[in-house]
Amino acid sequence: MSAPWKILVVEDENIVAMDLRTSLTGSGYEVTDTVGTAREAIDSAQRRKPDLVLMDINLRGEMDGVAAADVMRTQLALPVVYLTAFSDEPTLRRARVTEPFGYLLKPFDERELNIAIELAVYRHQAQREHENFLREQAARAAVEERALENARLYQAAREAVAVRDEFLSVASHELRTPLTAMLLTVQGLERVVQRSQDERLRERTARVVQQLGRLIKLVDSLLDVSRIKAGRMELSPEEFDLSALATEVAARFMEPARENGSTLIVRAPDRLVGVWDPMRVDQVLTNLLANAVKFGAGKPIEVALQGDDAAVRLVVADRGIGISKDKIASVFERFERAVPVRKYGGLGLGLYIARQLVEAHGGRIEVESEPGQGSTFIVQLPRWRPDSAAS
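Residues numbered from 1 in each chain as written. Predicted model: local features only at pLDDT ≥ 70, side-chain atom pairs only at ≥ 80, totals over all residues. Heavy atoms only, no water.

1. Some thoughts on unusual backbone geometry
- Within the chain, Ala-77 stands out as a residue other than glycine whose phi angle is a positive 55°.
- Positionally, Ala-77 belongs in the loop between helix H3 (65-74) and strand E4 (80-84).
- Positive phi is not limited to glycine here, since Ala-297 has a value of about 55°.
- Position of Ala-297 among the secondary structure elements: in the loop between helix H8 (278-295) and strand E9 (301-307).
- For Ala-297, a relative accessible area of 49% puts it in the partly exposed group. (Helix = DSSP H or I, 4+ residues; strand = E, 2+ residues; numbered from the N terminus. Buried < 20%, exposed > 50% of the residue type's maximum accessible area, 1.4 Å probe, protein only.)

2. A word on the pairing of strand E2 (residues 30-35)
- Sheet topology places strand E1 (residues 6-10) next to E2; five bridges connect them, and they run parallel. Among the inter-strand pairings, Ile-7 is bridged to a residue of E2, identified as Val-31.
- Taking the sense of rotation as the criterion, the β-α-β connection linking E1, helix H1 (residues 14-26) and E2 turns out right-handed. (Pairing = 2+ DSSP bridges. Right-handed = clockwise from strand over helix to strand, strands pointing away.)

3. Quick notes on the side chain of Asp-33
- With respect to the helices and strands, Asp-33 occurs in strand E2.
- The exposure class of Asp-33 is buried, given its relative accessible area of 16%.
- Side-chain polar atoms of Asp-33 contact the side chain of Ser-44, separated by 3.0 Å.
- Sequence-distant contacts of Asp-33, defined by excluding residues within four places in its chain, comprise Ile-7, Leu-8, Val-9, Arg-21, Ser-44, Arg-47 and Arg-48. (Polar contact = N/O pair within 3.5 Å; in protein donor to acceptor, adjacent residues only side chain to side chain. Contact = heavy atoms within 4.5 Å.)

4. Side note on the sheet that holds strand E10 (residues 311-318)
- Strand order in this open sheet of five strands is E7-E9-E10-E12-E11, and the pairing throughout is mixed. Single-partner strands in this sheet number two, and they are strand E7 (264-267) and strand E11 (364-370). Ignoring which end each strand starts from, the neighbouring axes of this sheet average 10° apart.
- Note: E7 against E9, four bridges, orientation parallel. Bridging from a neighbouring strand, Ile-265 pairs with Glu-302 of E9.
- Contacts from helix H7 (residues 242-259) reach E7, E9 and E10 within the one sheet, and its direction differs from that of E7 by about 175°. (Axes fitted to C-alpha atoms, helices over the stretch in contact; angles between N-to-C directions.)

5. Digging into the confidence of the model for the protein
- In the predicted model, the protein carries a mean pLDDT of 81, and 82% of its residues have values of at least 70.
- With pLDDT under 50 throughout, residues 386-391 is counted as low confidence; its partners more than four residues away or in other chains account for 16 contacts. (pLDDT = per-residue confidence, 0-100.)

6. Observations concerning the nonpolar core
- Judged by nonpolar contacts, the single largest core of 40 residues is most densely connected at Leu-242, Leu-264, Leu-285, Leu-288, Leu-289 and Val-379.
- Listed by contribution, the elements that provide at least two residues to this core are H7, H8, E9, E10, helix H11 (350-360), E11 and strand E12 (374-382).
- Not counting chain neighbours up to four residues away, the residues in contact with Leu-285 comprise Ala-246, Val-249, Val-303, Leu-314 and Val-316.
- Ala-41, Val-53, Leu-59 and Met-72 belong to the second-largest nonpolar core, a separate cluster that totals 21 residues. (Core = buried A, V, L, I, M, F, W, Y, C linked by side-chain atoms within 4.5 Å.)

7. As for the pattern of salt bridges
- Evaluated as defined, the whole model comprises twelve salt bridges.
- As a salt-bridge pair, Glu-149 and Arg-152 come within 2.6 Å of each other at their nearest N and O atoms. Here Glu-149 pairs with Arg-152, and both are found in helix H5 (residues 110-193), just three residues apart, close to one helical turn.
- Residue Arg-152 is classed as partly exposed on the basis of its relative accessible area, which comes to 47%.
- Across the pair Glu-255 and Arg-258 runs a salt bridge, and its minimum N-O distance is 2.2 Å. (Salt bridge = Lys/Arg side-chain N within 4 Å of Asp/Glu carboxyl O.)

8. Structural notes on the packing of helix H2 (residues 38-48) against H3
- Where H2 meets H3, the closest approach of the two axes is 9 Å, and the angle between their N-to-C directions is 20°. Taken together, the axes of H2 and H3 are roughly parallel relative to one another. Between H2 and H3 the crossing geometry is right-handed. Contacts between H2 and H3 involve Ala-38, Ala-41, Ile-42 and Ala-45 on the former and, on the latter, Ala-68, Val-71 and Met-72.
- Classifying every residue of the contact of H2 with H3 by side-chain character gives seven nonpolar, no polar and no charged. (Parallel < 35°, antiparallel > 145°, perpendicular 65-115°, else oblique. Left-handed = near helix turned anticlockwise from the far one by under 90°. Nonpolar A, V, L, I, M, F, W, Y, C, P; charged D, E, K, R; others polar.)

9. Here we look at the environment of Ser-243
- Looking at the secondary structure, you find Ser-243 in helix H7.
- Ser-243 gets classed as buried once you look at its relative accessible area, which sits at 3%.
- With 26 residues separating them in the primary sequence, Ser-243 and Pro-269 have C-alpha atoms 6.5 Å apart.
- A polar contact of 2.8 Å, which involves the side chain of Ser-243, links it to the backbone oxygen of Pro-269.

10. Quick look at the packing of H3 against helix H4 (residues 89-97)
- Two elements in contact, H3 and H4, have axes separated by 9 Å at closest approach and are oriented at 5°. Considering their axes alone, H3 and H4 lie roughly parallel with respect to each other. Together, Val-66, Ala-67 and Arg-73 of H3 and Thr-91, Arg-94, Ala-95 and Val-97 of H4 make up the contact between the two elements.
- Looking at side-chain class alone, the contact of H3 with H4 contains four nonpolar, one polar and two charged residues.

11. So, the packing of aromatic side chains
- Applying the stated criterion across every chain yields a total of three aromatic pairs.
- A ring pair is formed by Trp-5 and Tyr-122, whose centres lie 5.2 Å apart and whose planes are at 85°; its orientation type is edge-to-face. Taken together, the residues Trp-5 in the segment before E1 and Tyr-122 in helix H5 connect sequence positions 117 residues apart.
- The exposure class of Trp-5 is buried, given its relative accessible area of 18%.
- In this arrangement the basic side chain of Arg-123 is found over the ring face of Phe-101, its NZ or CZ atom lying 4.4 Å from the centre. (Phe/Tyr/Trp six-rings, centres within 6.5 Å; stacked < 30°, edge-to-face > 60°. Lys NZ or Arg CZ within 6 Å of the ring centre and 35° of its normal.)

So, in structure tokens, the structure goes:
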């Protein structure tokens, strides 16, 4: 059985108020209070929270029933039924503005009172349900609108990324040929300049060759990214000695490491033969060593190789600046950097390409790092997997 509706009676004539309380109680309602002034009515409504207010229009005091009803409606969201014996036209116009839920003309009988209360309460409940429905609809529409806007933004971002990738692919292809020709020309010039007695000219020519080589490597990285995105990164697996390759790649970094104050040590068995793409494994090791030299902070760098019949493990470790924990998860993503680009440069592609190449061989790559303690990159490769194309 549901709880009885709670009624607040606002009537400044005590006899009428007591008669109303008796009638309401006899009809099964709960009378929360009977008060005689507008101030008392507002205070009681705030404290006792009735379902309905029976309000005499003509109350004594500085506020009449119409003013009190306006507060009930606007601030407390309570339905009001007016009680009145007579009222002047201006007062009735004010009463209509407060949107009452009914009028009872004194004197009234118990049946009229019950009908007015029932109609007022049910109408108020229906109105509240309708308002809640409208709010829910508005909230749902707002969510749907945000979802549509997010979908539009997502689509726009995807299109922008596609345009960027297409531009990088075209630009890389267009740049590669003239850069290669330019490098060959400058290398020929360098051989001539080496016979010159002008040391400054020789140094400047060497710097030009070095910068052109660096630029070609950046273009090659962009080409690799475009091939990976298009699923065209092909492998050419063959049997070779990984120990010999690691020693050869490390030799290319001995001088850059020395210039940065680092020693470079290779620990590998005499032979470690398997089936991989030698050019791509060279590229992985080159990218890892380039990072170790760049971020090694002049401290020792180590390349370690070991393997069994099924797999090999390649480790490149430095003791440099390390990677913060919040950056570790993203270092293998495209165009991601764990350091400020203005200080260290680069496109943020080396580790991304390394991961793609390792995974194309059926392997995996991971990193262990602490800021200020250095980074250790670990590559696991199946030893005899003859994959011919990247997935």
